[in-house]
Amino acid sequence: PAFTGIIDGSIYDQSGAIIRDDYRVDDGIVTFGCGPGGMTVDSNGNYFITYLDTNDFITYYGRIRKFLPNGDPAGPSVDVSELGNLSIQVIQVASGSNDKIIVSYTRGEAYYRLFDNNLNPLTASVQVNQGTAWNNGGTGLASDATGNFVISWTSDGSLQMARIFDPDGNPL
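Definitions and limits used
Residues numbered from 1 in each chain as written. Predicted model: local features only at pLDDT ≥ 70, side-chain atom pairs only at ≥ 80, totals over all residues. Heavy atoms only, no water. Helix = DSSP H or I, 4+ residues; strand = E, 2+ residues; numbered from the N terminus. Buried < 20%, exposed > 50% of the residue type's maximum accessible area, 1.4 Å probe, protein only. Contact = heavy atoms within 4.5 Å. Areas by Shrake-Rupley, 256 points an atom, 1.4 Å probe, with all protein chains shown as cover. Phe/Tyr/Trp six-rings, centres within 6.5 Å; stacked < 30°, edge-to-face > 60°. Pairing = 2+ DSSP bridges. Axes fitted to C-alpha atoms, helices over the stretch in contact; angles between N-to-C directions.

A separate point is the overall build of the protein. In terms of regular secondary structure, the protein is built from zero helices and 14 strands. When the 172 residues of the protein are sorted by exposure, 45% land in the buried category. For the protein, long-range pairs separated by at least 24 residues make up 39% of all intrachain contacts whose partners lie at least 6 apart in sequence. Here the protein has roughly 8300 Å² of accessible surface; of this, 52% comes from carbon and sulfur atoms.

See below:
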């Protein structure tokens, strides 16, 4: 029988009390399975949640969706990669300066892509691990108050690598 994956979420206040419970994160396009991603909050209190979904348990698509502070969806999910049909293994998200949304992901190699606050792409996917061998591990992602961001990955199964970028995605 077919399995339908559903990604649910809850919103809590600072004391841990539930503000909104059990709302659906994916927008019904998950057909067989789903996987974890990441979450960030912008300066306006909007939530951005990334997740993986699949319709065949072989190819996983990375998606991101925006939610208003009360948990209501602000639109449909958006594909994070325009590079075609190669499975995404790990996906992360962070907020940058000027409410830019940074998404990092792996699909054999490590990539990032910048989006505006409404999930319109600001860049194409950019390969992060240029000059290093095939990526065998997932990415890590963090940003600072000025909008600089760092992406880390594992190369050749054992080398821990990282690159730092300015708010526009230029390497520092």
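Now for the packing of aromatic side chains. Under the definition given, this model contains four aromatic pairs. Here the aromatic rings of Tyr105 and Tyr111 are separated by 5.5 Å at their centres, their planes lie at 15°, and the arrangement is stacked. Relative to Phe165, the ring of Phe149 lies with its centre 5.1 Å away and its plane at 20°, an arrangement referred to as stacked. Here the residue Phe149 occupies a position in strand E13 (residues 149–155), and Phe165 occupies one in strand E14 (residues 159–165), the gap between them amounting to 16 residues. Judged by relative accessible area, which is 2%, Phe149 ranks as buried. Given the relative accessible area of 1%, Phe165 is considered buried. Put simply, the rings of Tyr112, Phe149 and Phe165 pair up and form one aromatic cluster.

Read across the sheet, three strands follow the order E12-E13-E14 without closing on themselves; strand pairing throughout is antiparallel. Pairing within the sheet leaves two strands with one partner each, and these edge strands are strand E12 (140–143) and E14. Along the sheet, successive strands turn relative to each other by an average axial angle of 20°, direction set aside. Bridge analysis of E13 against E14 gives seven bridges, and the strand direction is antiparallel. Counted as the bridge partner of Thr154 is Gln160 from E14.

Moving on to the pairing of strand E5 (residues 47–54). For E5, the tally of buried residues reaches eight of eight residues, placing the bulk of the element in the interior. Across the two faces of E5 the burial is the same, with Tyr47, Ile49, Tyr51 and Asp53 and Phe48, Thr50, Leu52 and Thr54 all buried. Taken together, the three bridges between strand E4 (residues 39–41) and E5 define a ladder with antiparallel strand orientation. What sits directly across from Met39, in E5, is Ile49. Connecting E4 to the next strand, E5, in antiparallel fashion are five residues, including Gly45 with a positive phi near 85°.

Further remarks concern the sheet that holds strand E10 (residues 110–115). Pairing in this open sheet of four strands is antiparallel, and the strands run E8-E9-E10-E11 from one edge to the other. Each edge of the open sheet is held by one strand with a lone partner, namely strand E8 (90–95) and strand E11 (126–127). Bridge count for E10 against E11 is two bridges, and the pairing is antiparallel. By the bridge assignment for E11, Tyr111 is matched with Gln127.

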